[in-house]
Amino acid sequence: MIPSSCFASAKDDRLGSIASAPPKRIRPLAPRLSPWDRIQHGERLAFNQSDCNWFAFEASAAEDGRRFAGILALHRTGNRLAGIEAGFGDGILGRLLPVRPTYDARPLFLAVLYELGTGRSTPQQIERPLDGKLDPETFSFSSTDGDWQWLQGHAEDWRPSLPDGLRRFFADDTPAFAVRVKQRDIELELFLRPAKDPVTYGTDGSAALRGRGVTINYVQRPRLELIGTVRAGRGASPILVHGDATQDRHWMTATKLGVRWMWLMARFDDGRECMAYEIRTATGGRKAPADSGDALAGGAWLIEREGTVRACNNWSLVPSKHVTTSRGLVPSCFCLTLPDDGIAFTIEHEQRTFVPTRALGELIEAGIWESPARLVDARGVTGGRFWADVMGPFGSV
């Protein structure tokens, strides 16, 4: 259940005024165990595996229309390389091994908050390994101090403890999510409910996206509804917001090093969604365009209004512009073409930023370039919300 005492915005009577009617009954991920469920039920995480729960959201202020976007992610990575310490003492082992690695297996919590349309190019972002309690059954997490919480459950279990506004928002027996981040310069208290069933993109409905040397087990909730509050900046007041989001659950094993990727997600205004990605070899290094190298994996899919997933057999994802950064060339504009469906659109990063991550270890400066994206031109698409991220070779290091 949501500890309402820790979620101040849960008691805000205004939440009910921005909560639309509940969607139809939504299917949970169970009963078929996904790859991360099997990991959570006893199998051990290896060093090259990552178990991640990720929200990308966009929201508008209920009162003045200010626009926000953000990322919330919870990672389990197994033992990350955290540092190098002095060796094993004065004995034989110490002489053979003068230094030894140290590891950190704590969950990683990432929060990024963009304020759009202000000209501010740097978002508020923070990532921390945290002490706390992780429930592997629901992938819920609460830090020891209570300032970081990621809660997942069922609406019928939460409703008895909720104030009226949230009780209306979580009215049906559907998966329910609540996320809280409370730090000096950023505060988020968001409540989410899925508007569509989860989808997979692998062969015959499998969660596995397979390529040459890369397998990504990937389940997505393509559209969720969101209400809550955000506070951007020290001393600012919380702002009531409503919007939508995408949730990604993925568990990845990479057997090929030195890859780059492009990934985008679109939530069209007509109720459909589109997911497309491409992974390539790192040929040419950081100074090469994102579409250089050999293609290892990729695809494009449309999710219809009623939730049916359809693979697009004829597709292309091409970076049309690059910018030079301290980490090499980074694409800033992307063209996706689905000729069989009469769809072609171009999007560009709205606030292109580098989001670092410790998921590969404390000693590796890794991360991805990403942000919400704006629609530049389109055929077969009237509008929507878009998100794009790219990773250069070796995390752009």
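Residues numbered from 1 in each chain as written. Predicted model: local features only at pLDDT ≥ 70, side-chain atom pairs only at ≥ 80, totals over all residues. Heavy atoms only, no water.

Chemist: Is there a simple way to think about the overall build of the protein chain in this case?
Modeler: A tally of regular secondary structure across the protein chain gives 5 helices and 25 strands. With 397 residues in all, the protein chain has 55% of them scored as buried. For the protein chain, the exposed surface amounts to about 17,200 Å²; the carbon and sulfur share of it is 50%. (Helix = DSSP H or I, 4+ residues; strand = E, 2+ residues; numbered from the N terminus. Buried < 20%, exposed > 50% of the residue type's maximum accessible area, 1.4 Å probe, protein only. Areas by Shrake-Rupley, 256 points an atom, 1.4 Å probe, with all protein chains shown as cover.)

Chemist: Just checking my understanding: could you explain the confidence of the model for the protein chain for this structure?
Modeler: A low pLDDT means the predicted coordinates there should not be read in detail. Predicted confidence across the protein chain gives a mean pLDDT of 84, with 85% of residues reaching 70 or more. Ranking the helices and strands of the protein chain by mean pLDDT puts strand E22 (residues 343-349) first, with 96, and helix H2 (residues 35-40) last, with 46. Throughout residues 30-48 the model reports pLDDT below 50, and contacts reaching past four residues in sequence, or to other chains, amount to 39 contacts. (pLDDT = per-residue confidence, 0-100. Contact = heavy atoms within 4.5 Å.)

Chemist: Help me out: how do you make sense of the side chain of Ser9 in this one?
Modeler: When you line up the elements, Ser9 lands in the segment before helix H1 (15-18). With relative accessibility at 4%, the residue Ser9 sits in the buried group. In this structure, Ser9 is in contact with Leu15, Glu189, Phe191 and Thr229, ignoring residues within four places of it in sequence.

Chemist: It is not clear to me how the pattern of salt bridges should be interpreted in this structure. Could you clarify?
Modeler: Pairing between side chains becomes possible if they bear opposite charge and their charged atoms approach one another. Scanning all chains against the criterion turns up 23 salt bridges. Close ionic contact of Arg14 with Glu63 constitutes a salt bridge, the shortest N to O distance being 3.1 Å. Of this pair, Arg14 sits in the segment before H1 while Glu63 sits in the loop between strand E1 (49-61) and strand E2 (67-76), and the two are 49 residues apart along the sequence. Assessed through its relative accessible area of 34%, Arg14 is described here as partly exposed. What makes Glu63 exposed here is its relative accessible area of 69%. Across the pair Asp270 and Arg305 runs a salt bridge whose closest N-O atoms are separated by 3.7 Å. Note that Asp270 is positioned in the loop between strand E16 (259-268) and strand E17 (273-281) and Arg305 in the loop between strand E18 (295-303) and strand E19 (309-311), a separation of 35 residues in sequence. A residue is classified by how much of its surface remains accessible, and Asp270, at 27% relative accessible area, is partly exposed. Shared partners join several salt bridges into a network, and the residues in it are Glu58, Asp244, Arg267 and Arg385. (Salt bridge = Lys/Arg side-chain N within 4 Å of Asp/Glu carboxyl O.)

Chemist: Help me out: how do you make sense of unusual backbone geometry in this one?
Modeler: Excluding glycine, most residues fall at negative phi; most peptide bonds, likewise, are trans. Its identity is not glycine, yet Asp204 carries a phi of approximately 55 degrees, on the positive side. Mapped onto the elements, Asp204 comes out in the loop between strand E12 (199-200) and strand E13 (208-210).

Chemist: I'm lost on the packing of aromatic side chains in this one. Help?
Modeler: Geometry of an aromatic ring pair is reported as the spacing of the ring centres plus the angle between the planes. Enumeration over the complete set of coordinates arrives at 15 aromatic pairs. Relative to Trp301, the ring of Tyr201 has its centre 5.0 Å away and its plane inclined at 50 degrees; by these criteria the two rings are tilted. Note that Tyr201 is positioned in the loop between E12 and E13 and Trp301 in strand E18, a separation of 100 residues in sequence. As far as burial versus exposure is concerned, Tyr201 and Trp301 are alike and both buried. Three or more aromatic residues joined by ring pairs make a cluster, and in this case those are Phe55, Phe109, Trp148, Trp150 and Phe177. Just above the ring of Phe139 sits the side chain of Arg249; from NZ or CZ to the centre is 4.4 Å. The ring centre of Phe354 lies 3.7 Å from the NZ or CZ of Arg327, which sits over that ring. (Phe/Tyr/Trp six-rings, centres within 6.5 Å; stacked < 30°, edge-to-face > 60°. Lys NZ or Arg CZ within 6 Å of the ring centre and 35° of its normal.)

Chemist: Any chance you could explain the pairing of E22 here in plain terms?
Modeler: On a regular strand, each side chain points to the face opposite its neighbour's, so the side chains alternate between the two faces of the sheet. Most of E22 is tucked away, with 6 of its 7 residues classed as buried. Pairing analysis gives 6 bridges linking strand E21 (residues 328-338) to E22, with the strands arranged antiparallel. Paired with Thr337 across the two strands is Ala344, which belongs to E22. Between E21 and E22, which pair antiparallel one after the other, the connecting turn spans 4 residues, and Gly342 there sits at a positive phi close to 65 degrees. Two elements, E22 and strand E24 (residues 366-379), share 6 bridges in a ladder whose sense is antiparallel. Opposite Glu348, over in E24, you have Arg374 as the bridge partner. (Pairing = 2+ DSSP bridges.)

Chemist: Help me understand the side chain of Asp104, please; the structure alone is not making it clear to me.
Modeler: With respect to the helices and strands, Asp104 occurs in strand E4 (residues 99-104). Accessibility expressed as a relative area gives 11% for Asp104, which makes it buried. A polar atom in the side chain of Asp104 sits 2.9 Å from the side chain of Arg106. Those residues in contact with Asp104, other than ones at most four positions away along the chain, are Gly78, Asn79, Arg80, Ala82 and Pro129. (Polar contact = N/O pair within 3.5 Å; in protein donor to acceptor, adjacent residues only side chain to side chain.)

Chemist: For this particular structure, what's the right way to read the environment of Phe177?
Modeler: The topology assignment puts Phe177 in strand E10 (residues 175-182). Relative accessible area serves as the criterion here: at 3%, Phe177 is assigned to the buried category. Sequence spacing of Phe177 and Arg193 is 16 residues, and the spatial spacing of their C-alpha atoms is 6.4 Å. Apart from residues lying up to four places away in sequence, Phe177 is in contact with Phe55, Leu151, Gln152, Trp158, Phe170, Leu190, Phe191, Leu192, Pro194, Arg221, Leu224 and Gln247.

Chemist: What am I meant to see in the environment of Val230 here?
Modeler: Along the chain, the position of Val230 falls in strand E14 (residues 214-232). Exposure remark for Val230: the relative accessible area of 1% places this residue in the buried category. Each C-alpha atom of the pair Val230 and Arg180 lies 9.9 Å from the other, and the pair is 50 residues apart in sequence. Beyond its immediate chain neighbours, meaning those up to four positions away, Val230 contacts Phe68, Leu113, Glu187, Leu188, Leu190, Ser237, Pro238, Ile239 and Val241.

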